[in-house]
Amino acid sequence: MKDTTRSAGAPQATPAVGSASAPPPSAEPAPRAWYRRPLVVRVVAGLLILAIWQIVVELWAQDYVARPTGVIRVIPSVLTEKLFLSDIVTTLTAVVEGLAIAVVIGTAIGLVVGRLPDAQRVLGMYVNGVYALPIIAVVPLLTVWFGYTPKARLAVIVLEATLPVVYNVAEGARAVPRTYLDVTRIHRAPWWRVWFGVALPASTPYVLAGIDLAIGRALIGAVVAEFIAALDGLGYYILFNVNSFHEDRAIVALVVLALSAIVLRALVNVVVRRGFSWYWLA
Amino acid sequence: MTASRTPKIRVDHLGKTYGDKEAFTDLSFDVAEGEIVSIVGPSGCGKTTLLRCVVGLTTPTQGSVSINGQRVLEPIEGVAMVFQHFGLFPWKTVAANVAYGLTVQGVSRRESASKVAELIGLVGLQGFEKAYPHQLSGGMQQRAGLARALAIEPTVLAMDEPFASLDAQTRDVLQLEVLRIWEARPTAMMFVTHSIDEAVLMGDRVVILTGHPSRIFDIVDVDLPRPRNRATVNTDRFRMVRDYVWNAIMKEGHRVVGDPETAARPAPSSH
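Residues numbered from 1 in each chain as written. Chains lettered and ligands numbered in written order. Predicted model: local features only at pLDDT ≥ 70, side-chain atom pairs only at ≥ 80, totals over all residues. Heavy atoms only, no water.

Draft legend 1. Molecular detail of the overall build of chain B. Secondary structure assignment for chain B yields eight helices and ten strands. By the compact-globule yardstick of 18 Å for 271 residues, chain B fits well, its C-alpha radius of gyration being 19 Å. Along the longest, intermediate and shortest principal axes, the C-alpha atoms of chain B span 60 × 40 × 40 Å. Taking all 271 residues of chain B together, the buried fraction comes to 55%. A sequence separation of at least 24 residues applies to 68% of the contacts in chain B between residues at least 6 apart. As displayed, chain B has an accessible area near 11800 Å², and 50% of this comes from carbon and sulfur atoms. Across chain B, 29 positive and 30 negative side-chain charges occur, with their mean positions spaced 4 Å apart. (Helix = DSSP H or I, 4+ residues; strand = E, 2+ residues; numbered from the N terminus. Rg over C-alpha atoms; globule rule 2.2 N^0.38 Å. Buried < 20%, exposed > 50% of the residue type's maximum accessible area, 1.4 Å probe, protein only. Contact = heavy atoms within 4.5 Å. Areas by Shrake-Rupley, 256 points an atom, 1.4 Å probe, with all protein chains shown as cover. Lys, Arg positive; Asp, Glu negative; His and termini not counted. Charge placed at Lys NZ, Arg CZ, Asp CG, Glu CD.)

This is the structure in structure tokens:
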């Protein structure tokens, strides 16, 4: 069979035969200028931003406003502070726990909402409403129900993280290409094969998008809950240090918070991309 | 097995109306066992809808479809379909896709392995069992789609413009490939296409749909010898049938010779 297949490898270079414009094979590519190397440019840009921050603050801001030199000076002591390290663990553990619960609940609800048009019509309005609520308004209520305990933080995280997952899974379940559904119908596949064998895998990219959003909202929820319920954690660490005029330490914690968001999202990307090669059922 | 007089597929005064728009009306024809019937007509004439009614994916508003004497109201056993956009599940390998029909029937992976391997060989995809659809060209994906359809040993094969998404050369290659594969196990087949050449090349008979709403203009016996090959399209008989179908479908100004009323309707040849 002479079908042309898409080659997985890179195309091979065709040698220029006797062409005057071809570079001599022994020459090496000229070293790239520093401004052409992406990594170098990014580092330089970052340093430039820090320099501008430093200069602006030195010249025009009050003494107590934080500046890069101050932050860098406290980094070692913050990173070795036991309280700080345990706070990281506390907050991130809660976020991961909450995300796991949210993904399970969110996927289940999302599948139902996506595949049953009646459910959409009935629940859609309520889901939209809760999604639009500013979480900061809901947390005080949740602390009343769950007390000023880590349970309240978990509840906030789950609430904030579930909705983006629901939305995206519903969208994915609704958008299953008609041809796939035709295939399941022609083969007279039972409902659970359609939902778990086709609708779910087909919506995996949407689940990924949902989790991405959920991570951001989960972190916000965790920090807000810690602020309002005075719970030990990264968020509270920031608040506490700002209030006690240790802004530099707070900024270090802030950077760590940002980094955890990036790392979590990268991790999810890796895990779910691998997941594409699993079969869900048979 | 004795040859049965009951047609494999019977379409009986079939009609489909969407709201106040009538797609097609009063379609009646049979497909016999081991016969390929091509269905061709202008774009939008409802030929895909017709096919979907026959396999039970769509419910007609008038008339009925019977397969093996059994009325079709929803997909039934023994009916397989090949889709224009292939319909392979991207998260399954080629082998898993081909085995899908058997998997749904509850056949274990071990039991279906030999049948899957045989079919993958038949359609020319040896070596690609563990590949994923996105790694295959369109032509190869459609071969896999065909293998999947054949895996359930269907008594009726429905092809919905199977080559419309492929480039012209792949299309030409696959037309003869499908015929070759079909010769190995001739199955009653309904072949929907908008290519008149393809309809004549593939079919034993051609159902011509025209008009608004669509009706059967005529059903022509192709009467060309099998197995067909690339030389078939240059024979006089092929041209005669093709020109007749073309004239039937095309409006004035695009017709080949005169108009359908005066151009000779191809009589069954001496084959």
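Read on, since the account is not over.
Draft legend 2. Just the interface of chain B and chain A, in detail. On the chain A side, the residues contacting the 40 residues of chain B number 28 residues. For the pair chain B and chain A, the summed buried area comes to about 2900 Å², and 60% of that belongs to carbon and sulfur atoms. When the buried surface of chain B facing chain A is broken down by residue, Trp91, Tyr100 and Val104 of chain B rank first, second and third, together holding 23% of it. Residue Arg52 of chain B is joined to Asp182 of chain A by a salt bridge in which the shortest nitrogen-to-oxygen separation is 2.7 Å. Counting every contact that joins chain B to chain A gives four residue pairs in polar contact (both at pLDDT 80 or more). Only α1 (47-55), β6 (79-82), α3 (100-104), α5 (138-151) and α6 (168-184) of chain B provide two or more residues apiece to the side of chain B that touches chain A. For the side of chain B that touches chain A, the element with the most residues is α5 of chain B, which contributes five residues. Considered class by class, the residues forming the side of chain B that touches chain A number 19 nonpolar, 13 polar and eight charged. (Buried area = accessible area lost by both parts, 1.4 Å probe. Salt bridge = Lys/Arg side-chain N within 4 Å of Asp/Glu carboxyl O. Polar contact = N/O pair within 3.5 Å; in protein donor to acceptor, adjacent residues only side chain to side chain. Nonpolar A, V, L, I, M, F, W, Y, C, P; charged D, E, K, R; others polar.)

Draft legend 3. Representation of the sheet that holds β6 of chain B within the structure. All names here are of chain B. Read across the sheet, six strands follow the order β6-β7-β8-β3-β9-β10 without closing on themselves; strand pairing throughout is mixed. Lying at the two open borders of the sheet, with one neighbouring strand each, are β6 and β10 (215-221). With direction set aside, neighbouring strand axes in the sheet form an average angle of 20°. By the bridge criterion, six bridges tie strand β9 (residues 205-210) to β10 in an arrangement that is antiparallel. Each bridged residue has a counterpart across the sheet, and for Leu209 the counterpart in β10 is Ile216. Each of β3 (36-40), β9 and β10 is contacted by helix α8 (residues 236-249), which is oriented at about 175° to β10, the strand it contacts most. (Pairing = 2+ DSSP bridges. Axes fitted to C-alpha atoms, helices over the stretch in contact; angles between N-to-C directions.)

Draft legend 4. Molecular detail of the nonpolar core. Residue and element names in this part refer to chain B. In this structure, Ile9, Phe29, Leu50 and Met190 are the most contacted members of the largest nonpolar core, which totals 84 residues. What Ile9 contacts, discounting residues up to four positions off in sequence, is Phe29, Asp30, Val31, Val54, Val65, Ser66, Ile67, Val156 and Met190. Membership of the second largest hydrophobic core comes to 37 residues, among which are Leu125, Ala149, Phe163 and Phe191. (Core = buried A, V, L, I, M, F, W, Y, C linked by side-chain atoms within 4.5 Å.)

Draft legend 5. The packing of aromatic side chains, seen in detail. Scanning the entire structure with this criterion turns up ten aromatic pairs over all chains. Between Trp191 of chain A and Trp195 of chain A, the aromatic rings sit 6.0 Å apart at their centres with planes inclined by 90°, giving edge-to-face as the arrangement. Pair noted here: Trp191 of chain A and Trp195 of chain A are both in helix α8 (residues 191-202), with a separation of four residues, about one helical turn. Relative to Trp91 of chain B, the ring of Phe89 of chain B has its centre 5.3 Å away and its plane inclined at 15°; by these criteria the two rings are stacked. Cluster of aromatic residues (ring-pair linked, three or more members): Tyr180 of chain A together with Phe89, Trp91 and Tyr100 of chain B. Across the ring face of Tyr131 of chain A, the terminal group of Arg217 of chain A is positioned such that the distance to the ring centre comes to 4.5 Å. Lying over the aromatic face of Tyr18 of chain B, Lys16 of chain B brings its terminal NZ or CZ to 5.0 Å of the ring centre. (Phe/Tyr/Trp six-rings, centres within 6.5 Å; stacked < 30°, edge-to-face > 60°. Lys NZ or Arg CZ within 6 Å of the ring centre and 35° of its normal.)

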